[in-house]
Amino acid sequence: QVQLVESGGGLVQAGGSLRLSCAAPKNIFNIHIMGWYRQAPGKQRELVATIKRSGNTNYADSVKGRFTVSRDNAQNTVALQMNSLKPEDTAVYYCNLEGYSSGDAYYTGDYWGQGTQVTVSS
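Caption draft 1: The arrangement of the pattern of salt bridges in detail. Summed over the entire model, instances satisfying the criterion amount to three salt bridges. Between Arg-38 and Glu-46 there is a salt bridge, and its shortest N-O distance comes to 2.8 Å. Put simply, Asp-89 and Arg-66 hold a salt bridge, and the shortest N to O gap is 2.8 Å. Of the two residues, Asp-89 sits in the loop between strand 8 (77-82) and strand 9 (91-102) while Arg-66 sits in the loop between strand 6 (57-59) and strand 7 (67-72), which places them 23 residues apart along the sequence. Just as Asp-89 is buried, Arg-66 falls in that class too. Members of the salt-bridge network, linked through shared partners, are Arg-38, Glu-46, Arg-66 and Asp-89.

Take a look at the structure:
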């Protein structure tokens with residue numbers, strides 16, 4: 001099973017910034033899509049941002065212009081730089097991976113981290 005390790009969550013005042021990071025195992029490669037989702041209490045999990053290996057990105061409308069997703073393919077990491085944070089950004093943020101190679105095989109599927117709490121105070 002692929003284990004994704006998230007870090008960087010915490011408490012920040014509105015208008016502040018946080019940077020989340022997620023690391024995938026070193027023995028997998030050619031990861032197709034990496035990204036971030038979030039879930040607030042009483043709400044459904046929603047997409048925040050994803051990035052393909054090519055660098056093509058997709059953002060939720062609510063975070064465009066404030067968040068930036070990036071990845072380091074050599075390190076098997078994906079990061080989310082969150083600026084101008086708002087109280088409504090408060091949620092548990094989950095790292096996601098979809099599709100990767102290991103040896104001669106390509107594995108499809110959807111893998112999730114344990115989540116990291118982001119809390120934005122007014």
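After presenting the structure, the write-up continues.
Caption draft 2: Looking closely at the state of the cysteines. What the rule picks out here adds up to one disulfide. Through a disulfide, Cys-22 is tied to Cys-95; the S-S separation comes to 2.0 Å. Given an S-S torsion of about -85 degrees, the disulfide between Cys-22 and Cys-95 has left-handed geometry. Highlighted residues: Cys-22 in strand 3 (residues 18-23) and Cys-95 in strand 9, separated in sequence by 73 residues.

Caption draft 3: Quick peek at the sheet that holds strand 1 (residues 5-7). In space, the four strands of this open sheet follow the order 1-3-8-7, with antiparallel pairing throughout. Two strands in the sheet have a free side with no partner beyond their single neighbour: strand 1 and strand 7. Direction aside, neighbouring strands of the sheet carry axes that sit 15 degrees apart on average. Relative to strand 3, strand 1 is paired through three bridges, and the arrangement is antiparallel. What sits directly across from Ser-7, in strand 3, is Ser-21.

Caption draft 4: The arrangement of the nonpolar core in detail. Core analysis: the biggest nonpolar cluster contains 32 residues, and Trp-36, Leu-80, Met-82, Tyr-93 and Leu-97 have the highest contact counts within it. Elements represented by at least two residues in this core include exactly strand 3, strand 4 (33-39), strand 5 (46-52), strand 7, strand 8, strand 9 and strand 11 (116-121). At five residues, the largest contribution of residues to this core is made by strand 9. If we ignore the near neighbours within four places in the chain, the residues touching Tyr-93 are Glu-6, Leu-20, Trp-36, Tyr-37, Arg-38, Val-48, Phe-67, Leu-80, Met-82, Gly-115, Thr-116 and Val-118.

Caption draft 5: Representation of the packing of aromatic side chains within the structure. Counted by the stated rule, this structure contains three aromatic pairs. An angle of 70 degrees between the planes, with centres 5.1 Å apart, marks the rings of Tyr-37 and Trp-112 as edge-to-face. One end of the pair, Tyr-37, is in strand 4; the other, Trp-112, is in strand 10 (residues 105-112), and 75 residues separate them in sequence. Seen from their ring centres, Tyr-100 and Tyr-107 are 5.2 Å apart, and the 20 degrees between their planes marks the pair as stacked. We classify Tyr-107 as partly exposed; its relative accessible area is 37%.

Definitions and cut-offs
- Residues numbered from 1 in each chain as written.
- Predicted model: local features only at pLDDT ≥ 70, side-chain atom pairs only at ≥ 80, totals over all residues.
- Heavy atoms only, no water.
- Salt bridge = Lys/Arg side-chain N within 4 Å of Asp/Glu carboxyl O.
- Helix = DSSP H or I, 4+ residues; strand = E, 2+ residues; numbered from the N terminus.
- Buried < 20%, exposed > 50% of the residue type's maximum accessible area, 1.4 Å probe, protein only.
- Disulfide = S-S within 2.5 Å.
- Pairing = 2+ DSSP bridges.
- Axes fitted to C-alpha atoms, helices over the stretch in contact; angles between N-to-C directions.
- Core = buried A, V, L, I, M, F, W, Y, C linked by side-chain atoms within 4.5 Å.
- Contact = heavy atoms within 4.5 Å.
- Phe/Tyr/Trp six-rings, centres within 6.5 Å; stacked < 30°, edge-to-face > 60°.

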